[in-house]
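Residue-level listing of the chains:
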Amino acid sequence: EDKVVQSPLSLVVHEGDTVTLNCSYEVTNFRSLLWYKQEKKAPTFLFMLTSSGIEKKSGRLSSILDKKELFSILNITATQTGDSAVYLCAVAGTASKLTFGTGTRLQVTL
Amino acid sequence: DGGITQSPKYLFRKEGQNVTLSCEQNLNHDAMYWYRQDPGQGLRLIYYSQIVNDFQKGDIAEGYSVSREKKESFPLTVTSAQKNPTAFYLCASRDRNTEAFFGQGTRLTVV
């Protein structure tokens, strides 16, 4: 059975802090790893990673994948209250199966 | 506009009743998915379909059924065998090697 584990489960930080969210996985026939942000209803796409060691970056967010150690991290620098959300990690494996982790709930306070 | 449409937004089910949640996409994606989300939880995979007329069980398929007769449509039926169906249901679609796109979800409540 494919498995995706995210840590921490929840996190409270002050505005301006830097946070690192973790995602480890065990998946048959790994294809890609995806990060999403969920604020209310539908998750919104952040990054898709397929190759080890190549950082993807978008503004204050960045992510990297380690296919040898089977994990990924999502970094958010200079956090803002608008970053408060649940961050979801998903891994695509055999036959298009897409498995999500439990998510990390981030709260950014003033 | 291209996208995924789920309906209804809110659904109320009586005990022992079957209900069907609709999911339609016009993105021409091959793969479609159904997820269940409980409060404070991540997304759990119910069923997925890689191609028309084919689908596989996910991690929590018991009490649910699906069909994939058309590429655009992947309806989910919540049967009376699902003992705790109150949850938020999300449908998604994707092509091989792309991100998944989500509908706005259906909130199902048992009354």
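Here is what the cut-offs are and how they apply
Residues numbered from 1 in each chain as written. Chains lettered and ligands numbered in written order. Predicted model: local features only at pLDDT ≥ 70, side-chain atom pairs only at ≥ 80, totals over all residues. Heavy atoms only, no water. Contact = heavy atoms within 4.5 Å. Buried area = accessible area lost by both parts, 1.4 Å probe. Salt bridge = Lys/Arg side-chain N within 4 Å of Asp/Glu carboxyl O. Polar contact = N/O pair within 3.5 Å; in protein donor to acceptor, adjacent residues only side chain to side chain. Helix = DSSP H or I, 4+ residues; strand = E, 2+ residues; numbered from the N terminus. Core = buried A, V, L, I, M, F, W, Y, C linked by side-chain atoms within 4.5 Å. Buried < 20%, exposed > 50% of the residue type's maximum accessible area, 1.4 Å probe, protein only.

### Examining the interface of chain A and chain B
Many authors give the size of an interface as the accessible area that is lost as the parts come together. Across the boundary between the two partners, chain A contributes 22 residues, which contact 24 residues of chain B. Around 1900 Å² of area is buried between chain A and chain B when both sides are counted, 55% of it from carbon and sulfur atoms. Contact with chain B buries area across many residues of chain A, yet Lys41, Ser96 and Leu98 of chain A alone supply 27% of it, more than any other trio. Where chain A meets chain B, there are one salt bridge. With a closest N to O distance of 3.7 Å, Lys97 of chain A and Asp59 of chain B form a salt bridge. For the pair chain A and chain B, the number of links is five residue pairs in polar contact (both at pLDDT 80 or more). Every element with two or more residues in the side of chain A that touches chain B is listed here: β4 (32-38), β5 (44-49), β9 (85-92) and β10 (98-100) of chain A. Examining the composition of the side of chain A that touches chain B, we find that four residues originate from one element, β4 of chain A, more than from any other.

### A closer look at the environment of Asp66 of chain A
All names here are of chain A. Tracing the backbone shows Asp66 in strand β7 (residues 61-66). Distance in space between the C-alpha atoms of Asp66 and Ser24 is 9.5 Å, their sequence separation being 42 residues. Among the polar contacts made by the side chain of Asp66, one reaches the main-chain amide nitrogen of Lys68 at a distance of 3.0 Å.

### Things to note about the nonpolar core
One finds Tyr25, Leu33, Trp35, Tyr87, Val91 and Leu106 of chain A to be the most contacted residues of the largest nonpolar core, which totals 22 residues. Elements represented by at least two residues in this core include exactly β3 (19-26), β4, β5, β7, β8 (71-76), β9 and β11 (104-109) of chain A. Listed in part, the 21 residues of the second largest apolar core include Ala42, Ala90 and Phe100 of chain A together with Phe88 of chain B.

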